[in-house]
Amino acid sequence: MNWLNSEAFTLFGQHILWSDMVGNLFGLAALALGWRRSLWTWPVQFLAGLILFAAFFGHLTGSAGKQVVVMVVALYGWWQWNRRKGRTEDGQIAVRFATWRERAVMTAAAAAGTVAVALLFKAYPTLSWDPWPDAYIFVGTIVAMYAQARGMVEFWFAWLLVDLVGVPLNFANGYAFSGFVYVIYGALVLWGLRDWWLRSRKASQPVPEGAPA
């Protein structure tokens, strides 16, 4: 798997690695599929994690370990959406806004998780090149994927918060392709947020008396 860490091409003076490019392209496809509420979003996310795990395994233990967690959450999402699919007219999963309790739990989990992971990264410097931002992106990604698995519109807000740190961090650390992909993520997130928001409002509207279900 050494070819994954070799240079694919140079863009604007930045060296683009195969692993960075291929893994993030799959991640981008997974986000687009999530917007369409397609069950295939989860296998594609799993494959993206598997590619990055293969690229990092053996020399970036922390990064490889993070991809294992991403793959586990992808399996959870696949299980959740399989259980909940077919609950709308188009046969896809129904989406909704989280309750205030769910929002509070996810926010608290994100804050506590970021602190815990950052302290772990600081205790073992080989696990991360920038502990706090890296921990924030990692935990934020897990929270976003969890919210997506539960069909929550807040999934998109979580991705926006991840993007705000992910774009400058990736450019600063030489992962230019990841930085460009995160910019595209931002555009997809805004479109996906609008689509899920409208669908959740439509689903919450009462059916008029006498109208077909």
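Every chain is numbered independently, its residues counted from 1 as its sequence is written. For this predicted model, a pLDDT threshold of at least 70 governs which residues receive local features, and a threshold of 80 or more governs which side-chain atom pairs are given and counted, while totals over whole chains, interfaces and linings are taken from all residues. No hydrogens and no water enter the side-chain calculation; it runs on all heavy atoms of the structure.

### Points about the overall build of the protein chain
- By the criteria applied, helices consist of DSSP H or I runs no shorter than four residues and strands consist of E runs no shorter than two, each listed in order from the N terminus. When helices and strands are counted, the protein chain shows seven helices and two strands.
- Starting at the N terminus and walking to the C terminus, you meet the elements of the protein chain as β-β-α-α-α-α-α-α-α.
- The buried label goes to any residue with under 20% of its type's maximum accessible area, the exposed label to any with over 50%, and the partly exposed label to all in between, with areas taken from a 1.4 Å probe on protein chains only. Counting across all 213 residues of the protein chain, residues that qualify as buried make up 45%.

### Remarks on the confidence of the model for the protein chain
- What pLDDT reports is the predictor's confidence in each residue, on a scale of 0 through 100. A residue-level look at the protein chain finds 77% of positions with pLDDT of 70 or above and a mean pLDDT of 80.
- Within the protein chain, no element has a lower average pLDDT than strand 1 (residues 7-11), which sits at 67, and none a higher one than helix 4 (residues 100-123), at 95.
- Note on residues 206-213: pLDDT is under 50 here. Beyond four places in sequence and across chains, it has one contact. Residue contacts are counted whenever heavy atoms from the two residues lie within 4.5 Å of one another.

### Notes on unusual backbone geometry
- One non-glycine residue, Arg37, lies in the positive phi region at around 60°.
- As for its placement among the helices and strands, Arg37 is situated in the loop between helix 1 (18-35) and helix 2 (41-56).
- Residue Arg37 is classed as buried on the basis of its relative accessible area of 4%.

### Structural notes on a nonpolar patch on the surface
- The residues that make up patches have over 30% relative accessible area and no salt bridge, and they are joined within 9 Å when like-charged or within 5 Å when they are Val, Leu, Ile, Met, Phe, Trp or Tyr. Methods summary: accessible areas were calculated by the Shrake-Rupley approach with a probe of 1.4 Å, and residue burial reflects only the protein chains presented. The salt bridge criterion pairs a side-chain nitrogen of Lys or Arg with a carboxyl oxygen of Asp or Glu, the two atoms within 4 Å. Side chains of Val115, Leu119 and Trp132 sit close together on the surface and give an oily, nonpolar patch of about 270 Å² of accessible area.
- Given the relative accessible area of 39%, Val115 is considered partly exposed.

### So, the pattern of salt bridges
- Overall, the coordinates contain three salt bridges when judged by the stated rule.
- Residues Glu102 and Arg96 are paired through a salt bridge, measuring 2.9 Å at the closest nitrogen-oxygen approach.
- Classification of Arg96 by relative accessible area gives partly exposed; the value is 27%.
- As a salt-bridge pair, Arg103 and Glu154 come within 2.8 Å of each other at their nearest N and O atoms. One end of the pair, Arg103, is in helix 4; the other, Glu154, is in helix 6 (residues 154-172), and 51 residues separate them in sequence.
- The exposure class assigned to Arg103 is partly exposed, which follows from its relative accessible area of 23%.

### Focus on the side chain of Gln45
- Among the secondary structure elements, Gln45 is positioned in helix 2.
- Polar contacts here mean pairs of N or O atoms no more than 3.5 Å apart (in protein, one a potential hydrogen donor and the other a potential acceptor; neighbouring residues in sequence count only if both atoms are side-chain atoms). Only 3.2 Å separates the side chain of Gln45 from the side chain of Gln148, close enough to count as a polar contact.
- With residues near it in sequence (within four places) discarded, Gln45 still touches Ala30, Ala74, Met145 and Gln148.

### Things to note about the environment of Val181
- Here Val181 shows up in helix 7 (residues 176-204).
- Along the primary structure Val181 and Asn24 are separated by 157 residues, whereas in three dimensions their C-alpha atoms are 6.8 Å apart.

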